[in-house]
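Results of the structural survey
One-letter residues, chain by chain:
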Amino acid sequence: MARLSRLSVYQTIREVPLVPVFYHPDPEVCAGVLTACYRGGIRAFEFTNRGDFAHERFAELSRLCAREFPDMALGAGTLVDAPTAALYLQLGADFVVGPNFIEDIARVCNRRKVAYMPGCATLTEITTAHEWGVEFVKIFPGDVLGPGFVKSLRGPLPYTNAMVTGGVEPNRESLTKWFSAGVVAVGIGSQLFPKERLDTRAFDQIEATVSDLVRIIAEIK
C-alpha cells in the first residue's frame, strides 16, 4: 500500500517540482540512482514499467524508501492498464503515471486514494481527466506540444495543474521556458542519467546534477 497520501504527494511535488523518470534492469543501479536523487534534494521519483520484471525492481525500491527515505514519494510510470496499476499499488506505489488517460486506472487509484497523473495532449483529454478527479495532468509529449500549449491552457482552464514530461532539458533556459509557461512540475528522464554515468556507477555526478537543477528551479519559481 502507498505510504503517502495523495494530498501529501501533490504537496511534495509542488515543493520540489522536479520528478526524475527512470528505469534500469540492474537493482544496484536502481538503488544508486534513487539514493543519489534523494541526496540531491528530490522527493518524488517515477520508476517506469518499461522492462521485464520491472515490478520486481520497483518492489526493491519501495522497500528501500520505506527503510531509508520515508519522505520520498515513489511512483510507478508508463502504466496503461488497470491490472498493472493494481500490481504496483500493491507494491507500494505512492502515485501512478501513464502516457494517456485510462478510466479503469483512474477508478482503481480513486478506490485506493492514490494520485493518478495521466498523459494528456488535448483540452478534451484534460477536462475528461478532471472529471475523473485527476489533480495533476501530465502534458505529454512535451517535446511535441511545447511551452506554448501549457501557456494557452491558462485561458480556458486556469485551474489546470500541468506537469510536463518530454522536451524538458536539464538546463536553466529550458526550465525557465516551461515554468514561465505555467507548469507546476517537470519530469526529466534519460538526460538526467547519461549511459556512461550509469555504466561507471557515477552516482555522485548524478547527485550533483540533480542538486543543481533543484536549486535552479527554486530560483526560477
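First, a word on what this report is: a plain description of the structure on this page. This one's a predicted model, so the numbers in the text were calculated from it and none came from an experiment.

Right, let's talk about the sheet that holds strand 2 (residues 44-48) for a bit. Read around the barrel, eight strands follow the order 1-2-3-4-5-6-7-8 and close on themselves; strand pairing throughout is parallel. On average, adjacent strands in this sheet sit at an angle of 25° to one another, irrespective of strand direction. Looking at chain direction, strand 1 (residues 18-22) and strand 2 are connected through two bridges and run parallel. Counted as the bridge partner of valine 21 is glutamate 46 from strand 2.

Enumeration over the complete set of coordinates arrives at nine aromatic pairs. Between phenylalanine 101 and tyrosine 116, the ring centres sit 6.1 Å apart and the planes meet at 35°, which makes this aromatic pair tilted. On the criterion of sequence distance, the pair formed by phenylalanine 101 in the loop between strand 4 (95-98) and helix 5 (103-112) and tyrosine 116 in strand 5 (residues 115-120) is long-range, its members being 15 residues apart. A relative accessible area of 16% places phenylalanine 101 in the buried class. One aromatic cluster is present, formed by Phe22, Tyr23, Phe45, Phe47 and Phe193 through successive ring pairs. In this structure, arginine 43 packs its charged tip against the face of tyrosine 38, placed 3.7 Å from the ring centre. Lying across the ring of phenylalanine 140, lysine 138 places its NZ or CZ 4.6 Å from the centre.

In this structure the tally under the stated criterion is one cavity of 30 Å³ or more. Considering only enclosed or pocket space, the largest cavity measures out at about 40 Å³ in volume. Arg6, Tyr10, Ala106, Asn110, Val114, Ala115, Tyr116, Trp132, Gly133 and Val134 together form the lining of the largest cavity. Grouping the constituent residues of the lining of the largest cavity by class yields seven nonpolar, two polar and one charged.

Conventions and cut-offs
Residues numbered from 1 in each chain as written. Predicted model: local features only at pLDDT ≥ 70, side-chain atom pairs only at ≥ 80, totals over all residues. Heavy atoms only, no water. Pairing = 2+ DSSP bridges. Helix = DSSP H or I, 4+ residues; strand = E, 2+ residues; numbered from the N terminus. Axes fitted to C-alpha atoms, helices over the stretch in contact; angles between N-to-C directions. Phe/Tyr/Trp six-rings, centres within 6.5 Å; stacked < 30°, edge-to-face > 60°. Buried < 20%, exposed > 50% of the residue type's maximum accessible area, 1.4 Å probe, protein only. Lys NZ or Arg CZ within 6 Å of the ring centre and 35° of its normal. 1 Å grid on protein atoms, 1.4 Å probe; cavity = no way out; pocket = protein on both sides within 12 Å on 5 of 7 lines; lining within 4 Å. Points joined across faces, edges and corners; volume = space filled by probe spheres on them. Nonpolar A, V, L, I, M, F, W, Y, C, P; charged D, E, K, R; others polar.

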